[in-house]
Every structure is written in C-alpha cells, then in structure tokens.
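Chain residues, written in single-letter form:
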Amino acid sequence: MTNNKHLLSWIDEMAALCQPDQLVWIDGSEEQAEKLRAEACSTGEMIKLNEEKLPNCYLHRTAVNDVARVEGRTFICTRKKEDAGNINNWIEPQECYERLSKLYRGAMKGRTMYIIPYSMGIVGSDFAKYGIELTDSIYVVLNMLIMTRVGFDVLDDIGEDGDFIKGLHSKATLDENNRYICHFPEDNTIWSVNSGYGGNVLLGKKCFALRIASWLGRLEGWMAEHMLILGVEYPDGDVKYISAAFPSACGKTNLAMLIPPEIYRNKGFKVWTVGDDIAWLRVGADGRLYAVNPENGFFGVAPGTNEHSNPNALHTCMRDAIFTNVCHNLDDNTVWWEGLDNNPPHNAENWRGEIWDYTKYDKADKVGTSGAHPNSRFTAKATNCPCLSKEFNNPAGVPISAIVFGGRRARTAPLVYQSTSWQNGAFVGSIMASETTAAASGAVGGVRRDPMAMRPFVGYDMGDYFAHWLEMGKKIPNAPKIFHVNWFRTDENGDFIWPGYGENFRVLLWILARCEGKVDADLTAIGYVPKAEDINIEGLDGITEDTIRDLLTVDKESWLADVENIREFYEMIGERVPAELKEELAGLKERLTEME
Ligand code: GTP
Ligand code: SPV
Ligand code: MN
C-alpha cells in the first residue's frame, strides 16, 4: 500500500495507543463498502431502508447528546495561545496530547481501527490536499466514502515523503464531558474523541477543509472559506460563478441547488452546483479568483428539504445516501422529516428511536417533540445531484464573479447590498451577524457575530484572518465584487417577508448585473442598494415594488446599534484586527450619523 515510513510509524503509534483488535485499510472499493454496510446493519449501527423507494440508503442515529458540532469543545492547539486568538478555544498542544491520550488509551479494544486515505480535491491535482483518518466507526468510514475521494491512489500520490493531515477519531465512550475536537495546525494533526456526529468526526470537512486549510491558506496565499459555489447559466450559454458564505443552516445548500423561477426557466436560465459548503479559492493565471469545492458529497440539513424548497437536494439523497437522526417511517421503511410534506407518518420512530406521535409536535420544542432532529442530515453523493456543474471535477476550479455574504437577520440587513471596494467588502464580511441555528449545540435564535460565516472554523487568530482577506485583495488583479444578502427579514407577525429559495435567483441576477456594470444602484451609508424597480417581481405572488422597497430600507437606528456591537466584537477579537477595518467601521458610523 505504502512505503511511507512516517505514515506507517504514525499508524503504529496510534494503534499502540488505541489498541484496536485489528487494522483495516479502506481502499475506496464498492465491494469493501458493501461489506461494511452489511456489518453495520448486523450490529444495529445502521438500518437498511426500503430498497425500492430509497435504493442503497441507510439510516443512522447518533447518541441523543451528540447531534451537532460542539463549538465549546473545539480547540485550536497552537504553541502560542495568541496564534489561536481570542475567539477560538485553546489548549497548549503538549497538554492536549497528554489529556486526550488518556481518553484514547485502549479505547478501540474489541473494535477495528479503519485507515481511510482520502483527498480533499481531485487526486493528483495541484490543489488537492491529502489526509488519513483513523477511526473506530463504520459510520464515519461510509460517510467519508461519500464526502471525500477515498482510495489508494492517495497513498501513491503521498509517496514516500509527501505531506498529509493526520486525523485520529475514536467514539471512545461518547462521554460528552470528555468530548474534544482538537486541531494542531503546526503538526498537521486533528484529534477527535467521544463524538459520533458529522462535523465533529468527518475530519476531512470542517476540521481539515476549513480549520487546518485556513491556516495553510494563510501560509501559502490562498483562502479556505465556508462558501457554496454556483454557476448561473444565461440563455446564450454563458455561465457566471458566485460563491456565498452563510453561517451553518442559513441556506447554502438551498442556494447552491436553486431552481430559477418559471419565467426564467422558460427563457433558458439555469443554475449549476459546484459546491454547497466549502470553497478553496486561489488566484488564477489570468488574475481572477478561482474556486474549487474540495468535497465529493453533500452533508445537508434534512428538515425543510422538500419538492418545492429544494427538489435537487431531495433527488440527490433518494439513492446511495445515509440519513442521520431523521424520523423512520415503519410502515414502508422510509424516512421523514419536518417540512418534507404534510403527511407525517403515523407509525414511526423519532430521531431518538422512540415510537413517535406526530400529534404531539410542538414548534416551540422541536428537539423534544419532532420526528427528525432539527439538525438531522443526509449524506449524499455529488454525482447524484441533477444540477451538478460540469466543472465539478475541473481541477482549475471556476472563476468567481461575485462573493456573497449573508445571515439570518430579522431586521437590520436589507435584502441585498453591494460593498464599495474589496476592503469595504472584507469589512462587510467581518461584521456579518446571524441568528444561531441547530447546527451547533447551544441556544437557537440569538444574534451573534459570525465573520464570513467562519467564526467556528478559522484555525487561527480572527484578526490575522481579516488581515489575510485584505492581503488577498491586493493579490487579485481582477477581484470579484462583494455583496451581502438577507433572505430572512420578518414582518410584525414574525413571518419571512421575502419568499426566498428559488426566488433568490432574482437577487442573484441583480448581483451579476452589478458585476457587469449593467444596472444602476443607490449609494447609501452601508453601500450600494438596488433601486426597487431593478429587482424583478414578475410572477411573484403578493410581492409589490413597495415590498421590495421595504426589504431594502436601511434603518439608521438599528444600524447604529449594530455599529456599537461591532466595536465591542472587534475589541473581543483583540489587537490584531487590521486598522483598515477599524477605519471602515468609523466611516460607517460617520455616514450613518449623517443620514437623514
Ligand atoms: P450547513 O450545512 O449547516 O452549513 O447549512 P446550509 O447553509 O447549507 O443551510 P441549508 O441550505 O441546509 O438551509 C438551512 C435551513 O434554512 C433550512 O431549513 C432551509 O429550509 C432554510 N432556508 C434556506 N434557504 C432559505 C430561504 O431562502 N428562505 C428561508 N426563509 N429559509 C431558507
Ligand atoms: C455546518 O454546521 O456548517 C455543517 C454541518 O455544514 S457539520 O459538518 O456538522 O459541521
Ligand atoms: Mn456548513
């Protein structure tokens, strides 16, 4: 398999620590995957679903206390605390290795240690980065087989002395008080213990492709971002690419797989998905910014996914998928989640595996009464996505015309606005805020600042991360324009004003028209805001030009309150916040104060 001495001795060392009964190399073959699925079904780790309705699909339930990322138990372990920064949790690396070694010691007795060689990006391409994940979970193996490119070609390319990220995962006892997701960017190492939930254990994803990769990107002059990538195809066949950063469970998968409204479909407009969660961005030879999606699948939020909101996602997960913590329909051995349709199963088990009574569902206590957990997920192959871009496997990536930031804001942020420069755009990203969701454990619905949707994912100091954004701007001769959107403004009843989903296409067209210099805008205190008549409302029920005008208002008082909150947030990040961004903040305050 490999003669890489460093790799082999690391595996020996980890095996000596965890003491598994046996080691099994994962080769990426369907044959081996099938054996593992059968084994997982025989132990109850997974349930095989209805082969006719959901071919090759499985259901898995995590422990009840282990259903989301745990930001409080996620650590960046740099030698110097200040390199991890004030926003990240930190443990001194040596202390962390010692503390976790105690948890790993003997944790795999009676279990198998699987060795997964995987690639983030296309194997052999300039931009691919390799990892080896050691894990005692078949569920992790089967998810990694979908989410990444797994196989021995990775080992060949690592060769005798190539770089790779060393990942160690053990479910251990799933003890939540001893759950740790630890990153050692100076050692190319990730250690995860006592969890079995996606973002904590599929080490290629958030741990590697964002936290470690953001560190590498800073060193090597590129960017790892929590962004979807999509292409908008015009009737003449021209395709323009957009990348967009929204916090967890704020609409990336939905936007990435958007289906344009009928009036646009009839004219020949289409949207193509390149990625739904992570983008690696670098400057191309032509001076533009190019994006690749390092993943090979989607780990999407199930609730709310339906035939109207996101048919492409629904079709993507109807075969070869793994469902985690959804509701199990016992009548026909299929799955269900809130928002799939209006027919909850009458004979079903909830995400906990208990008999479930749909009549007891209470919106105010979703976790306690829902069939599916609010953060239940599907893991699905990119190649099963009906709108997958033909550029998905292009190692050069796609040229980005616009970068879009967005969050869930009931007020403050307008439907869309454009920054006035790269620096101002980086500022707009740095002040992003969003109501928290079920994707991370903790209270849901409070507003928190989440710069570039990367607060939980930057593998170093946030101030240095901002500086890297500013630095990158100077290195991209033909930089994308930067925008901010908010699909989530609510009316006095708390209902969303903007219909969202497919209708967001109307906003994307305005964004791209701005990039081409084809549409005018009003310069406000926060940036360029559309003229209401330039957001096309043809074919939209119940939305008038006045609704759009209302969605585009910039309210002086709530923005001034935000400015104060941003100032405090910058202070919390600390002294490495670049002076340019503080100047941007002062400028914003001044313009708001002068506003009528
Ligand atoms: P992660 O996988 O956690 O990074 O999430 P994501 O950003 O991909 O979010 P996703 O697209 O899965 O959407 C999360 C939730 O937001 C779902 O419940 C969606 O139904 C809802 N949502 C997505 N887009 C819109 C929109 O345009 N309007 C409204 N009102 N809700 C939306
Ligand atoms: C997110 O929370 O942003 C996700 C899901 O994409 S997880 O992989 O669990 O982090
Ligand atoms: Mn995400």
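Residue numbers here run from 1 along each chain, matching the order of that chain's written sequence. As a convention, the first chain written is A and the first ligand written is 1, with the rest following in written order. Side-chain atom pairs in this predicted model are given and counted only at pLDDT of 80 or more, local residue features only at pLDDT of at least 70, and totals for whole chains, interfaces and linings cover all residues. Side-chain metrics rest on all non-hydrogen atoms present in the structure, leaving aside hydrogens and water.

K.L.:
Tell me what's going on with the overall build of the chain, and back it up with residues and numbers.
P.N.:
Along the chain, the regular secondary structure elements total 18 helices and 30 strands. Radius of gyration means the value over C-alpha atoms here, while the globule rule gives 2.2 Å times the residue count to the 0.38 power. Here the C-alpha radius of gyration of the chain, 23 Å, is about what a compact globule of 596 residues would show, namely 25 Å. For the chain, the spread of C-alpha atoms along the three principal axes comes to 70 × 55 × 45 Å. Expressed as a percentage of its 596 residues, the buried residues of the chain come to 61%. Throughout, the Shrake-Rupley method with a 1.4 Å probe supplies accessible areas, and for residues the shown protein chains are the sole cover considered. Carbon together with sulfur atoms contributes 46% to the accessible area of the chain, which is approximately 22800 Å² in total. One finds the centroid of the 61 positive side-chain charges in the chain at a distance of 2 Å from the centroid of its 85 negative side-chain charges. Helix and strand assignments follow DSSP, with helices taken as H or I runs no shorter than four residues and strands as E runs no shorter than two, numbered in order from the N terminus. Residue burial is assigned from relative accessible area. The probe radius is 1.4 Å, only protein chains are included, and a residue is buried under 20% of its type maximum, exposed over 50%, and partly exposed in between. A residue counts as positive if it is Lys or Arg and as negative if it is Asp or Glu; His and the chain ends are not included. In this description, the location of a charge corresponds to atom NZ of lysine, CZ of arginine, CG of aspartate or CD of glutamate.

K.L.:
So what's going on with the pattern of salt bridges? Which residues, and what values?
P.N.:
Between Lys or Arg on one side and Asp or Glu on the other, a salt bridge is scored when a side-chain nitrogen of the former is within 4 Å of a carboxyl oxygen of the latter. Tallying each qualifying case throughout the model produces 31 salt bridges. The salt bridge involving glutamate 51 is made with lysine 48; its shortest N-O contact spans 2.4 Å. Take glutamate 51: its relative accessible area is 45%, and that puts it in the partly exposed class. One salt bridge in this structure joins aspartate 357 and lysine 360, with 3.3 Å as the shortest N-O distance. The exposure class of aspartate 357 is partly exposed, given its relative accessible area of 33%.

K.L.:
An account of the packing of aromatic side chains is needed here, citing residue identities and associated values.
P.N.:
Put simply, two rings from Phe, Tyr or Trp (the six-membered ring, in Trp's case) pair if the centres are within 6.5 Å, and we call them stacked under 30 degrees between planes, edge-to-face over 60, tilted for the rest. Considering all chains together, one arrives at 28 aromatic pairs under this definition. Plain terms: the ring middles of tyrosine 104 and tryptophan 191 are 5.1 Å apart, the flat faces sit at 85 degrees to each other, and that makes the pair edge-to-face. Taken together, the residues tyrosine 104 in helix H4 (residues 93-104) and tryptophan 191 in strand S10 (residues 189-193) connect sequence positions 87 residues apart. Since its relative accessible area comes to 5%, tryptophan 191 is described here as buried. Seen from their ring centres, tryptophan 422 and tryptophan 469 are 5.4 Å apart, and the 25 degrees between their planes marks the pair as stacked. Here the residue tryptophan 422 occupies a position in helix H13 (residues 422-430), and tryptophan 469 occupies one in helix H14 (residues 462-475), the gap between them amounting to 47 residues.

K.L.:
If you had to explain the site of ligand 1 to someone new, which residues and values would you point to?
P.N.:
Ligand 1 sits among 21 residues. The nearest are Ala249, Lys252, Asn254, Arg377 and Tyr501. Each polar contact in these results corresponds to two N or O atoms within 3.5 Å; when the atoms are within protein, one needs to be able to donate a hydrogen and the other to accept it, and residues that are neighboring in sequence are counted only if both atoms are side-chain atoms. Interatomic distance of 2.9 Å between a backbone N/O atom of glycine 251 and an oxygen atom of ligand 1. One of the side-chain N or O atoms of tyrosine 501 is found 2.7 Å from an oxygen atom in ligand 1. Relative to its unbound accessible surface of 650 Å², ligand 1 loses 92% to contact with the protein. If you list the elements that add at least two residues to the shell around ligand 1, you get helix H9 (252-256) and strand S17 (297-301). All residues other than Ala, Val, Leu, Ile, Met, Phe, Trp, Tyr, Cys, Pro, Asp, Glu, Lys and Arg, Gly among them, are scored as polar; the first ten of these are nonpolar and the last four charged. A breakdown of the residues in the shell around ligand 1 according to their chemical character gives 10 nonpolar, seven polar and four charged. Residues are labelled near a given molecule or strand when at least one of their non-hydrogen atoms is within 4 Å of it.

K.L.:
Hey, could you go over the coordination of the manganese ion (ligand 3) for me, with residue numbers and the actual values?
P.N.:
Metal donors were taken as nitrogen, oxygen and sulfur atoms no farther than 2.8 Å from the ion, or 3.2 Å where the ion is Na, K or Ca. Water is excluded, so coordination may look unfinished. Protein coordination at the manganese ion (ligand 3) comes from Lys206 (NZ), His226 (NE2) and Asp277 (OD), with a distance range of 2.1 to 2.3 Å. Angular criteria define each label, namely tetrahedral for four donors with all angles between 85 and 135 degrees, square planar for four and octahedral for six donors with opposite donors over 155 degrees apart and remaining angles between 65 and 115, and irregular for whatever fails these tests. Around the manganese ion (ligand 3) sit six donor atoms, and with donor-metal-donor angles ranging over 66 to 173 degrees the site reads as octahedral. Binding-site remark: the manganese ion (ligand 3) is held by donors from one chain whose sequence spacing is K-x19-H-x50-D. In this pair, lysine 206 sits in helix H8 (residues 204-220) while histidine 226 sits in the loop between strand S11 (223-225) and strand S12 (227-233), placing the two residues 20 residues apart along the sequence. Note on accessibility: lysine 206 and histidine 226 belong to one class, buried.

K.L.:
Can you explain the site of ligand 2? Please cite residues and give values.
P.N.:
Near ligand 2 you find Arg69, Tyr197, Gly199, Lys205, Lys206, His226, Ser248, Asp277, Phe299, Arg377, Ala439 and Phe457, and these make up its full shell. Contact between ligand 2 and lysine 206: an oxygen atom at 2.5 Å from a side-chain N or O atom of the residue. Take aspartate 277: an N or O atom from its side chain is 3.4 Å from an oxygen atom of ligand 2. For the shell around ligand 2, the class distribution of residues is four nonpolar, three polar and five charged.

K.L.:
An account of the side chain of arginine 211 is requested, with residue identities and associated values reported.
P.N.:
Its place among the elements puts arginine 211 in helix H8. Buried charged residue arginine 211 carries no salt bridge. Nearest counter-charge: glutamate 71, at 6.5 Å. Two residues qualify as a contact provided that any one of their heavy atoms is within 4.5 Å of a heavy atom in the partner residue. The contact partners of arginine 211, leaving out residues within four places of it in the chain, are Thr74, Ile76, His183, Lys206, Pro456, Phe457 and Gly459.

K.L.:
Lay out the side chain of asparagine 200 in plain terms, naming residues and giving numbers.
P.N.:
Considering the arrangement of structural elements, one finds asparagine 200 in helix H7 (residues 198-201). For asparagine 200, a relative accessible area of 1% gives the class buried. At a separation of 3.4 Å, a polar atom in the side chain of asparagine 200 contacts the main-chain amide nitrogen of valine 70. Residues in contact with asparagine 200, not counting those within four places in the same chain, are Asp66, Ala68, Arg69, Val70, Ile181, Ser192 and Ser195.

K.L.:
Mind laying out the sheet that holds strand S2 (residues 47-48), listing which residues take part and the relevant values?
P.N.:
Strands pair, by our definition, only if DSSP identifies at least two bridges between them. Strand order in the open sheet made by the five strands is S2-S3-S18-S23-S17, with mixed pairing throughout. Two strands lie at the open edges of the sheet, namely S2 and S17, each paired on one side alone. Here three bridges tie strand S18 (residues 322-324) to strand S23 (residues 377-381), and the two strands are oriented antiparallel to one another. Paired with phenylalanine 323 across the bridge in S23 is phenylalanine 378.

K.L.:
Give a description of the pairing of strand S8 (residues 165-170) that names residues and reports values.
P.N.:
In terms of burial, S8 is largely enclosed, as six of its six residues are buried. On S8, burial covers both faces: Ile165, Gly167 and His169 on one face and Lys166, Leu168 and Ser170 on the other are all buried. As defined by bridge partners, S8 adjoins S10 across five bridges and the pair is classed as parallel. Residue pairing in the sheet places lysine 166 in a bridge with threonine 189 of S10.

K.L.:
I'd like to hear about empty space enclosed by the protein, residue by residue, with values.
P.N.:
Empty space left among the atoms is revealed by rolling a probe the size of a water molecule over them. With a 1 Å grid laid over protein atoms only, a set of points is called a cavity when a 1.4 Å probe fits there but cannot get out and a pocket when it is open yet has protein on both sides within 12 Å along at least five of seven lines; lining residues have an atom within 4 Å of a point. Grid points are joined across faces, edges and corners, and a volume is the space filled by probe spheres set on the points. Scanning the model with the defined rule gives five cavities of 30 Å³ or more in all. By volume, the largest cavity amounts to about 110 Å³. Ile122, Val292, Asn293, Asn394 and Pro395 are, among the 18 residues lining the largest cavity, the residues nearest its centre. Class assignment of the residues belonging to the lining of the largest cavity gives a composition of 11 nonpolar, five polar and two charged. Put simply, the second largest cavity is a space of about 80 Å³.

K.L.:
Describe the sheet that holds strand S21 (residues 348-349), naming the residues involved and giving the relevant values.
P.N.:
Taken together, the four strands give an open sheet; going across it, the order is S20-S19-S21-S22, and neighbouring strands pair in antiparallel fashion. On the outer flanks of this sheet lie strand S20 (334-336) and strand S22 (355-356), each paired with one strand and no other. When strand S19 (residues 327-329) meets S20, the two strands line up antiparallel, connected through three bridges. The partner of cysteine 327 across the bridge, within S20, is tryptophan 336.

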